[in-house]
Amino acid sequence: MQTVAVIDYGMGNLHSVAKALEHVGAGKVLITSDAEVIREADRVVFPGVGAIRDCMAEIRRLGFDSLVREVSQDRPFLGICVGMQALLDSSEENDGVDCIGLFPGAVKFFGKDLHEDGEHLKVPHMGWNEVKQTVSHPLWHNIPDLARFYFVHSYYIAAANARQVVGGGHYGVDFAAALADGSRFAVQFHPEKSHTHGLQLLQNFAAWDGRW
């Protein structure tokens, strides 16, 4: 049976992610902060919620920045929400935070005065929104284009490499909802909270060989 390591650095809705992975038959799901367990896993999930400064402080304290760079190179790797944002170069949150830098680009604030067609948009962006599949990818298998996923975020990703953007979202501004490069895939939305389409994405991740 394959193992899926859900990285525990004290920041994330880990049990919801783990339960969703178990529900789709992903294999033996391990919530762990043990670097060796993570290294030995067949697949790795990197979730996260909360303030990016606190997240990055714990990630660096535990040495998970270098571990994430290592394990995401040679096996299926999935970043979720703040776990996705941590993979970028930097974030504007907390007056600026350096991140892991696996995907070029920055994480930017939606702003306090966000409007669309004359309507004021609340921040954080919270709720269901469409994701435009900009590139074909194995993790989109059996998920229709413009499927709706569940988002909760005040900061959005402005990717520097358009070829890595495989899913786009819009909330006052266009943003990267999904990024991919090699065996790495990352999403701004919460698949574990996104019902049928979210579970399908996790099932696709469980079956993915990491090639794209």
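Because the structure is predicted, anything quoted here is derived from the model rather than measured. (Residues numbered from 1 in each chain as written. Predicted model: local features only at pLDDT ≥ 70, side-chain atom pairs only at ≥ 80, totals over all residues. Heavy atoms only, no water.)

## Quick look at the nonpolar core
Counting residues in hydrophobic clusters, the biggest one holds 72 residues, and the most contacted among them are Phe46, Trp140 and Phe185. Here the element with the most residues in this core is strand β14 (residues 173-181); it accounts for 6 residues. Sequence-distant contacts of Trp140, defined by excluding residues within four places in its chain, comprise Val131, Gln133, Val135, Phe149, Val166, Gly167, Ala178, Phe185, Phe189, Leu201 and Asn204. (Core = buried A, V, L, I, M, F, W, Y, C linked by side-chain atoms within 4.5 Å. Buried < 20%, exposed > 50% of the residue type's maximum accessible area, 1.4 Å probe, protein only. Helix = DSSP H or I, 4+ residues; strand = E, 2+ residues; numbered from the N terminus. Contact = heavy atoms within 4.5 Å.)

## Side note on the sheet that holds strand β6 (residues 97-98)
Strand pairs in the sheet, formed through backbone hydrogen bonds, run parallel or antiparallel to each other. Spatial ordering of the open sheet is given by β6-β5-β7-β12, a layout of 4 strands whose pairing is mixed. Edge positions in the sheet fall to β6 and β12 (155-159), since each has one partner strand and no second. Where strand β7 (residues 105-109) meets β12, 5 bridges bridge the pair, whose relative direction is antiparallel. Bridging across to β12, Phe109 finds its partner in Tyr155. (Pairing = 2+ DSSP bridges.)

## Observations regarding the UniProt feature "domain: Glutamine amidotransferase" (unreviewed entry) in the protein chain
In this structure's numbering, the residues bearing the UniProt feature "domain: Glutamine amidotransferase" (unreviewed entry) are residues 6-205. Helix and strand shares over residues 6-205 are 24% and 34% respectively, and the end C-alpha atoms of the span are 13 Å apart. (UniProt positions renumbered as here; feature names shortened; annotations may be inferred.)

## Points about helix α6 (residues 195-207)
If you check α6, its first and last C-alpha atoms are 18 Å apart, about what 13 residues at 1.5 Å a residue would give, namely 18 Å. What α6 keeps buried is the set Gly198, Gln200, Leu201, Leu202, Asn204, Phe205 and Ala206. Close packing links the buried residues of α6 with β1 (3-7), α1 (14-23), β3 (43-46), β4 (77-80), β11 (147-153) and β15 (184-187). (Expected span 1.5 Å × (residues − 1).)

## Some words on the pattern of salt bridges
Taken as a whole, this structure holds 7 salt bridges when the rule is applied. Arg39 is the partner of Glu70 in a salt bridge, and the nearest nitrogen-oxygen pair spans 2.9 Å. With Glu70 in helix α4 (residues 64-71) and Arg39 in helix α2 (residues 35-40), this residue pair connects regions lying 31 residues apart in the sequence. Asp65 serves as the salt-bridge partner of Arg60, at 3.8 Å between the closest nitrogen and oxygen. For Arg60, a relative accessible area of 40% puts it in the partly exposed group. Judged by its relative accessible area of 15%, Asp65 is buried. What emerges from the salt-bridge pattern is a single network uniting Glu36, Arg39 and Glu70. (Salt bridge = Lys/Arg side-chain N within 4 Å of Asp/Glu carboxyl O.)

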